[in-house]
Amino acid sequence: MAEIMSNKAAVPKSRRHIAEYDYVLIWLALALLSFGLVMVYSASIDIAEANKASKHNPFFFAQRHFMFLVVGGLAAYGVFQVKMLQWQKYAPWLFVAGLVLLALVLIPGVGRNVNGSQRWLPLGLINLQPSELMKLAAVLYAADYTVRKAAFMHSVKQGFVPMFIAMFITGFLLLMEPDFGAFVVIVAIAMAVLFLGGLNLRIFTTLLGVLAVSFVVLILNSPYRLQRIVGFMDPWADPFGKGYQLSHALIAFGRGQWTGLGLGGSVEKMFYLPEAHTDFLLAVIAEELGFVGVAVVIALFAALVIRAFQIGRAAAKMERHFCALTAMGIGVWLGVQACINIGVNVGLLPTKGLTLPFLSFGGSGIVANCMAVAILLRADYETRALQRGKKGS
């Protein structure tokens with residue numbers, strides 16, 4: 001025993017702390033981010049080379065994406081230093097700050113309009129998309145709200161109505177941009193966290209029905225959303241109009257077959273498929289790496305979501321309910337957004353304008369995703385510390 005203790009003392013402190021971190025989660029995130037960098041370069045090289053704004057630099061988008069990864073990594077490091085108790089304390093204020101940013105976007109002359117959508121705040125070299133940060137704020141707020149209202153989860157008035165008002169305001173601001181996709185993701189986060197936090201099942205199922213009807217009404221009352229639905233249901237009816245983007249995405253999937261045409265071999269990315277390096281990056285992956293490449297991406301996301309729920313379950317066993325709901329909420333966010341993007345790319349869902357987390361080009365999304373992983377790591381880190389303390393006692 002003395003020999004074992006002396007050997008342990010001889011091991012550097014940094015080595016002894018290896019077990020404190022979830023390296024499975026870290027490697028999953030790094031795998032997705034690294035793969036995304038490679039595929040963004042592959043998907044954007046032709047567009048960048050022909051773009052005057054990029055000075056015909058084929059590495060333009062890849063360089064910017066790498067810069068976003070660096071910023072995301074620095075943000076993640078800073079976020080990891082903050083204790084979960086502090087995140088819980090300031091969750092309502094972060095949510096309010098998110099609402100303020102969403103409102104600023106809508107002010108003429110402040111927000112930036114791109115392709116008919118006003119979703120960005122110009123900050124010199126980069127554009128901030130508040131809806132991406134709002135997803136993280138929604139996770140934290142929903143987790144904190146559910147913990148605070150745990151005793152009222154059986155009541156519509158006390159348990160659900162305050163959250164409904166918060167989501168209504170958020171939804172109103174997002175639909176004014178418009179950003180229907182972000183609204184769907186945030187509603188999914190809020191509903192999932194409330195359900196996981198113990199919301200009455202009868203209330204939950206009733207609300208799901210109300211939400212379904214509300215989404216149908218929103219679609220029917222908006223001509224452009226209705227057109228997207230029509231184009232999604234039969235893209236070949238108007239392949240040069242409403243169904244143009246989806247038809248070319250499907251062509252990319254068809255060309256890729258099992259193993260793809262090889263990295264860099266995509267034809268659809270050469271000005272045929274719009275947003276090839278952002279919303280439709282998966283179609284390029286399918287064309288170049290085939291079914292195998294797409295299956296790997298789906299497997300990585302599935303493993304990430306499962307790991308988030310495992311972290312949440314471990315925290316719940318230690319009665320760290322905010323950590324548990326935050327971890328599961330992040331899992332729901334990343335899983336739902338990935339499923340929507342994948343569904344859009346393969347024609348199972350109408351176009352939503354949502355990027356593929358960790359992979360698609362976009363600074364705000366990458367930074368928000370990195371911050372989410374850092375919070376997951378922090379929740380797991382604190383849970384492991386408590387477990388070690390419990391075993392030691």
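What counts as what
Numbers given to residues run from 1 along each chain, matching the order in which its sequence is written. Given that this is a predicted model, residues contribute local features only at a pLDDT of at least 70 and side-chain atom pairs are listed and counted only at 80 or more, while totals for whole chains, interfaces and linings are drawn from all residues. Only hydrogens and water are removed before side-chain values are computed, so all heavy atoms of the structure are retained for them. Think of it this way: any DSSP run of H or I at least four residues long counts as a helix, any run of E at least two long counts as a strand, and we number them from the N terminus. The globule rule is 2.2 Å times the number of residues to the power 0.38, and the radius of gyration it is compared with is taken over C-alpha atoms. Any two residues whose heavy atoms approach within 4.5 Å are treated as being in contact. Whenever a carboxyl oxygen of Asp or Glu lies within 4 Å of a side-chain nitrogen of Lys or Arg, that contact is scored as a salt bridge. Any residue under 20% of the maximum accessible area for its type is buried, any over 50% is exposed, and the rest in between are partly exposed; the area is computed with a 1.4 Å probe on protein chains only. Pairing between strands requires that DSSP locate at least two bridges from one strand to the other. The predictor's confidence in any single residue is recorded as pLDDT, a number from 0 to 100. For Phe, Tyr and Trp, rings pair up if their centres lie within 6.5 Å, where Trp contributes its six-membered ring, and each pair is then called stacked (planes under 30 degrees apart), edge-to-face (over 60) or tilted (otherwise). Fitting a line to C-alpha atoms yields each axis, with helices limited to the stretch in contact; the angle taken between N-to-C directions then spans 0 to 180 degrees. The labels follow the angle: roughly parallel below 35 degrees, roughly antiparallel above 145, roughly perpendicular from 65 to 115, and oblique for the rest. Under this grouping Gly is polar, as are all residues other than the nonpolar Ala, Val, Leu, Ile, Met, Phe, Trp, Tyr, Cys and Pro and the charged Asp, Glu, Lys and Arg. By nonpolar core is meant a set of buried Ala, Val, Leu, Ile, Met, Phe, Trp, Tyr and Cys residues that side-chain atoms within 4.5 Å join together. Positive charge is attributed to Lys and Arg, negative charge to Asp and Glu, and no charge count is given to His or to the chain ends. What the arc measures is the spread of directions leading from the helix axis to the C-beta atoms. Between N or O atoms, a polar contact is any pair within 3.5 Å; within protein, one atom must be a potential hydrogen donor and the other a potential acceptor, and residues adjacent in sequence are included only when both atoms are from side chains.

Attention now moves to the overall build of the protein. The helix and strand inventory of the protein stands at 14 helices and three strands. Taking 21 Å as the expected radius of gyration for a compact globule of 393 residues, we find that the protein reaches 22 Å, a close match to that expectation. Taken along the three principal axes of its C-alpha coordinates, the protein extends 75 × 55 × 40 Å. When contacts within the protein are restricted to residue pairs at least 6 apart in sequence, those whose partners lie at least 24 apart make up 70%.

Within this structure, the stated rule accounts for nine salt bridges. The residue Asp-144 makes a salt bridge to Arg-148 at a minimum N-O spacing of 2.9 Å. In this pair, Asp-144 and Arg-148 are both assigned in helix 6 (residues 130-148), four residues apart and thus about one turn of the helix distant. Linking Glu-382 and Arg-320 is a salt bridge whose minimum nitrogen-to-oxygen distance equals 2.4 Å. Within this pair, whereas Glu-382 is found in helix 14 (residues 363-392), its partner Arg-320 is found in the loop between helix 12 (281-317) and helix 13 (321-345), the two being separated by 62 residues in sequence. As far as burial versus exposure is concerned, Glu-382 and Arg-320 are alike and both buried.

Here the focus is the pairing of strand 2 (residues 117-123). Most of strand 2 sits out of view: five of its seven residues are buried. Two strands pair when backbone bridges link them, and strand 1 (residues 112-114) and strand 2 are joined in this way by three bridges, in the antiparallel orientation. Each bridged residue has a counterpart across the sheet, and for Val-114 the counterpart in strand 2 is Ser-117. Between the end of strand 1 and the start of strand 2, which pair antiparallel, lie two residues, with Asn-115 showing a positive phi angle near 55 degrees. Relative to strand 3 (residues 126-128), strand 2 runs antiparallel, the two being bridged by three bridges. Across the sheet, Pro-122 pairs through a bridge with Asn-127, a residue of strand 3. Between strand 2 and the antiparallel strand that follows it, strand 3, lie two residues; Gly-124 among them carries a positive phi value of about 80 degrees.

For the rest of this paragraph, the subject is the side chain of Lys-135. With respect to the helices, strands and loops of the structure, Lys-135 is situated in helix 6. Beyond its immediate sequence surroundings of up to four residues, Lys-135 is in contact with Ala-182, Val-185, Ile-186, Ile-189, Trp-333, Gln-337 and Leu-354.

Across the protein, the average pLDDT comes to 88, with 92% of residues at 70 or higher. Ranking the elements of the protein by mean pLDDT puts helix 1 (residues 2-10) last with 41 and helix 12 first with 97.

Most peptide bonds adopt trans geometry, and most residues besides glycine take a negative phi value. With an omega dihedral of -5 degrees, the bond running from Glu-177 to Pro-178 counts as a cis peptide bond. By the element assignment, Pro-178 lies in the loop between helix 7 (156-176) and helix 8 (180-196). Of note in this structure, Phe-271 is not a glycine but carries a positive phi near 75 degrees. Structurally, Phe-271 is set in the loop between helix 11 (244-256) and helix 12. A positive phi angle, close to 70 degrees, is found at Phe-358, a residue other than glycine.

So, on to the packing of aromatic side chains. Applying the stated rule across the entire model yields 14 aromatic pairs. Considering the side-chain rings of Tyr-21 and Tyr-381, the 5.4 Å spacing of their centres and the 15 degrees angle between planes classify their relative orientation as stacked. Taken as a pair, Tyr-21 in the loop between helix 2 (13-16) and helix 3 (23-50) and Tyr-381 in helix 14 lie far apart in primary sequence, 360 residues in all. Ring pairs connect the aromatic residues Phe-60, Phe-61, Phe-68 and Phe-361, which therefore count as one cluster.

The next point concerns the packing of helix 6 against helix 7. It is the contact of helix 6 with helix 7, at a shortest axis distance of 12 Å, that shows an interaxial angle of 175 degrees. When the axes of helix 6 and helix 7 are compared, the pair comes out roughly antiparallel. Between helix 6, through Ser-131, Met-134, Tyr-141, Ala-142 and Tyr-145, and helix 7, the contact on the second element is made entirely by Gln-158, Gly-159, Phe-160, Pro-162, Met-163, Ala-166, Thr-170 and Leu-174. Among the residues forming the contact of helix 6 with helix 7, the class breakdown is nine nonpolar, four polar and no charged.

Trp-333, Phe-358 and Leu-359 are the most contacted members of the largest nonpolar core, which has 103 residues in total. Looking at this core element by element, the count peaks at 14 residues for helix 12.

On to the environment of Thr-351. Looking at where Thr-351 falls in the secondary structure, it is placed in the loop between helix 13 and helix 14. As a C-alpha pair, Thr-351 and Asn-341 span 10 residues in sequence and 8.3 Å in three-dimensional space.

Here the focus is the environment of Lys-89. Following the sequence through the fold, Lys-89 ends up in helix 5 (residues 84-105). Placed 51 residues apart in sequence, Lys-89 and Leu-140 show a C-alpha to C-alpha distance of 9.8 Å.

Here we come to the sheet that holds strand 3. The antiparallel open sheet is built from three strands, whose spatial order is 1-2-3. Bordering the open sheet on either side are strand 1 and strand 3, each of which pairs with just one other strand. Mean inter-strand twist for the sheet, computed between neighbouring axes without regard to direction, equals 50 degrees.

A word on the side chain of Glu-177. Its place among the elements puts Glu-177 in the loop between helix 7 and helix 8. At 4.6 Å, Arg-119 is the nearest oppositely charged side chain to Glu-177, a buried residue that forms no salt bridge. Dropping the residues within four chain positions of it, Glu-177 is found in contact with Leu-102, Val-105, Leu-106, Gly-116, Ser-117, Gln-118 and Arg-119.

Given 3.6 residues per helical turn, the α-helix brings residues three or four places apart onto the same face. Buried within helix 7 we find Gly-159, Phe-160, Met-163, Ala-166, Met-167, Thr-170, Gly-171, Leu-173 and Leu-174. All buried residues of helix 7 fall inside an arc of 165 degrees around its axis, so they share one side. Projecting away from the buried face of helix 7 at angles above 90 degrees are the exposed residues Lys-157 and Phe-168. Here the buried face of helix 7 lies against helix 5, helix 6, helix 8 and helix 9 (201-220). A side-chain oxygen of the first residue of helix 7 lies 3.4 Å from the backbone nitrogen of Lys-157; this N-cap is Ser-155.

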